[in-house]
Amino acid sequence: MTTKNKLLIYGAAGYTGTMISERAKELNLDFEIAGREKDKIKALAETLNVLYHVFTVDDEAAWQKALANKQCLINAAGPFRYTAEQAMKACLQAGVHYLDISAELETYQLAESLDQKAKGADIQLISGAGLFVSYDALAIYVAGKVRNPQKLSVGFRHFGGFSRGSVISSQNIADLGVLVRRDGEIVTDTEAKPKTFRFVNEEEECLPTPLGGIIISYKSTGIPNIEEYFSLKLPAAYLPDLYPATLPDGPTAEERAAGRNALSAEVIGENGEVFRAVMDTPSGYTFTPLAVVAVANRILNNDFKIGYQSPASAYGVSIINEIPDIRIIDL
Ligand SMILES: NC(=O)c1ccc[n+]([C@@H]2O[C@H](COP(=O)([O-])OP(=O)(O)OC[C@H]3O[C@@H](n4cnc5c(N)ncnc54)[C@H](OP(=O)(O)O)[C@@H]3O)[C@@H](O)[C@H]2O)c1
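Residues numbered from 1 in each chain as written. Predicted model: local features only at pLDDT ≥ 70, side-chain atom pairs only at ≥ 80, totals over all residues. Heavy atoms only, no water.

Q: What exactly am I supposed to notice about the overall build of the chain here?
A: For the chain, the count of helices and strands is 13 helices and 16 strands. Scaling as 2.2 N^0.38, a compact globule of 331 residues should have a C-alpha radius of gyration of about 20 Å, and the chain matches this with 19 Å. With the C-alpha coordinates of the chain rotated into their principal frame, the extents come out at 55 × 45 × 35 Å. Relative to its full complement of 331 residues, the chain shows a buried share of 56%. When contacts within the chain are restricted to residue pairs at least 6 apart in sequence, long-range pairs at least 24 apart make up 74% of them. For the chain, the computed accessible surface area is about 14300 Å², with 48% contributed by carbon and sulfur atoms. Averaging the positions of the 32 positive and the 41 negative side-chain charges in the chain gives two centres separated by 3 Å. (Helix = DSSP H or I, 4+ residues; strand = E, 2+ residues; numbered from the N terminus. Rg over C-alpha atoms; globule rule 2.2 N^0.38 Å. Buried < 20%, exposed > 50% of the residue type's maximum accessible area, 1.4 Å probe, protein only. Contact = heavy atoms within 4.5 Å. Areas by Shrake-Rupley, 256 points an atom, 1.4 Å probe, with all protein chains shown as cover. Lys, Arg positive; Asp, Glu negative; His and termini not counted. Charge placed at Lys NZ, Arg CZ, Asp CG, Glu CD.)

Q: Help me understand the pattern of salt bridges, please; the structure alone is not making it clear to me.
A: A side chain with one charge may pair with a side chain of the opposite charge, provided their charged atoms come close. One pass over the full model with this rule turns up 20 salt bridges. Residues E32 and K6 are paired through a salt bridge, measuring 2.9 Å at the closest nitrogen-oxygen approach. With E32 in strand 2 (residues 31-35) and K6 in strand 1 (residues 6-10), the pair connects residues that are 26 residues apart, well separated along the chain. What makes K6 buried here is its relative accessible area of 16%. In this structure, D325 and R260 form a salt bridge, with 3.0 Å as the shortest nitrogen-oxygen distance. Taken together, the residues D325 in the loop between helix 13 (311-315) and strand 16 (327-330) and R260 in strand 13 (residues 260-268) connect sequence positions 65 residues apart. Sharing partners across several salt bridges, the network here consists of K6, D30, E32 and K70. (Salt bridge = Lys/Arg side-chain N within 4 Å of Asp/Glu carboxyl O.)

Q: Would you mind showing me how to read the site of the ligand here?
A: Residues in contact with the ligand amount to 28 residues; listed here are only the nearest, K40, I101, L131, S163 and S169. T16 places a main-chain nitrogen or oxygen 2.8 Å from an oxygen atom of the ligand. The side chain of S166 places a nitrogen or oxygen atom 3.2 Å from an oxygen atom of the ligand. Surface burial for the ligand is 87%, taken as the share of its 920 Å² of free accessible area covered by protein chains. Elements with a minimum of two residues in the shell around the ligand: helix 1 (15-26), helix 8 (164-169) and helix 12 (284-300). (Near = heavy atom within 4 Å. Polar contact = N/O pair within 3.5 Å; in protein donor to acceptor, adjacent residues only side chain to side chain.)

Q: Even after reading the chapter, I still don't get the nonpolar core, so can you show me in this structure?
A: Among the nonpolar cores identified, the biggest contains 94 residues, and L7, W63, L73 and L99 are the most heavily contacted of them. Excluding its chain neighbours within four sequence positions, the residues that come into contact with L73 are L7, L8, Y10, W63, L67, A87, C91, V96, H97, Y98 and L99. The next biggest cluster of nonpolar side chains, apart from the first, holds six residues, and it includes F197, F199, C206 and A262. (Core = buried A, V, L, I, M, F, W, Y, C linked by side-chain atoms within 4.5 Å.)

Q: How do you make sense of the packing of helix 3 (residues 60-67) against helix 4 (residues 84-94) when you look at a structure like this?
A: How two helices sit against one another is set out by the angle between their axes and by the gap between those axes. Taken N-terminus to C-terminus, the directions of helix 3 and helix 4 make an angle of 55°; their axes are 10 Å apart at the nearest point. It follows that helix 3 is oblique to helix 4 by the angle criterion. For the element pair helix 3 and helix 4, the recorded crossing hand is right-handed. Along its contact with helix 3, which presents W63, Q64 and L67, the element helix 4 presents Q86, A87, A90, C91, Q93 and A94. Across the contact of helix 3 with helix 4, the residue classes tally to six nonpolar, three polar and no charged. (Axes fitted to C-alpha atoms, helices over the stretch in contact; angles between N-to-C directions. Parallel < 35°, antiparallel > 145°, perpendicular 65-115°, else oblique. Left-handed = near helix turned anticlockwise from the far one by under 90°. Nonpolar A, V, L, I, M, F, W, Y, C, P; charged D, E, K, R; others polar.)

Q: What is the right way to read the packing of helix 4 against helix 5 (residues 105-113) from this model?
A: At a closest axis distance of 10 Å, the pairing of helix 4 and helix 5 adopts a crossing angle of 25°. Compared by their axis directions, helix 4 and helix 5 come out roughly parallel. Here helix 4 and helix 5 pass one another in a crossing that is right-handed. Contacts from A84, E85 and M88 of helix 4 reach helix 5 at T107, L110 and A111. Among the residues making up the contact of helix 4 with helix 5, the classes are represented as four nonpolar, one polar and one charged.

Below you can see the structure in the form of structure tokens.
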């Protein structure tokens with residue numbers, strides 16, 4: 001029988017996938033990489049001195065071969081609308097824990113719908129183990145500060161621009177309209193308005209935008225009413241004026257280092273009690289590799305909960321202790 005103790009990173013040669021692979025190398029994890037384009041994957045594998053696999057996302061036999069000795073997959077190949085289902089099914093078949101860095105709500109719902117199958121296969125299934133590691137840790141933190149939390153509002157201030165992959169993928173979020181969770185159900189809010197959030201020392205008005213906490217942080221907190229806001233328009237809003245192929249891969253290391261991301265969360269308890277806190281993190285594309293590799297590292301150390309999970313339903317707030325340069329500040 002093959003020992004399953006390694007990590008596989010699919011979509012490894014993308015902008016974010018490369019940084020995830022570099023972080024896995026930095027932490028000395030035992031991993032291999034994969035993707036659909038041989039030249040890019042081979043070049044990265046040689047730089048990192050790891051084994052590689054070349055296959056398209058629809059190649060079921062190749063998935064099983066690549067996953068044979070793996071404990072965990074990080075799927076970094078987005079838009080996830082086109083890759084998550086195949087990768088999740090491959091993990092269910094191979095009995096390999098699944099992580100992705102999707103920001104697309106339909107991928108979260110797909111993971112949620114596979115809960116029973118994941119339990120049957122003894123695997124943990126987390127979609128949204130990138131930025132949501134910080135969002136969800138903050139959500140569960142504030143939820144624990146009031147009695148019977150009833151409403152969660154989260155503002156996300158993004159810094160550092162967008163990768164080409166995110167610009168394209170964000171169309172899948174923009175198409176949804178303003179979704180919120182109300183009395184436990186996901187509904188469209190046709191009357192949503194901007195909301196001002198405090199980010200430690202300054203305030204900023206953010207636009208109503210479904211970020212995924214209506215699924216992910218509902219899983220971890222059970223709060224029946226959740227609203228989300230973003231400091232910018234989703235980058236897909238600019239697509240009509242842009243040709244994606246002309247966009248840069250993503251922000252440079254210098255651009256990423258020039259500022260920080262922040263999440264501001266407000267929770268209201270059953271007695272009207274209000275608690276607010278901010279999560280301060282490196283800019284998004286610096287943070288995501290740190291976060292998803294921290295989660296993968298837990299799995300490789302046999303720390304997981306089978307079934308569909310969110311980052312915080314599996315790891316609570318404690319996962320942030322394994323991510324450099326991130327902190328929660330009570331307001
Ligand atoms: N919320 C978060 O935490 C967060 C943070 C960062 C990124 N993301 C998301 O992660 C995804 C990747 O972003 P990125 O900036 O790394 O984009 P990218 O540079 O375009 O990389 C995407 C990678 O996925 C591969 N890929 C795309 N579609 C594929 C398909 N159908 N089959 C197989 N491989 C496929 C690409 O392969 P080729 O090179 O062969 O095209 C490439 O390796 C995006 O969806 C982005 O929104 C989310």
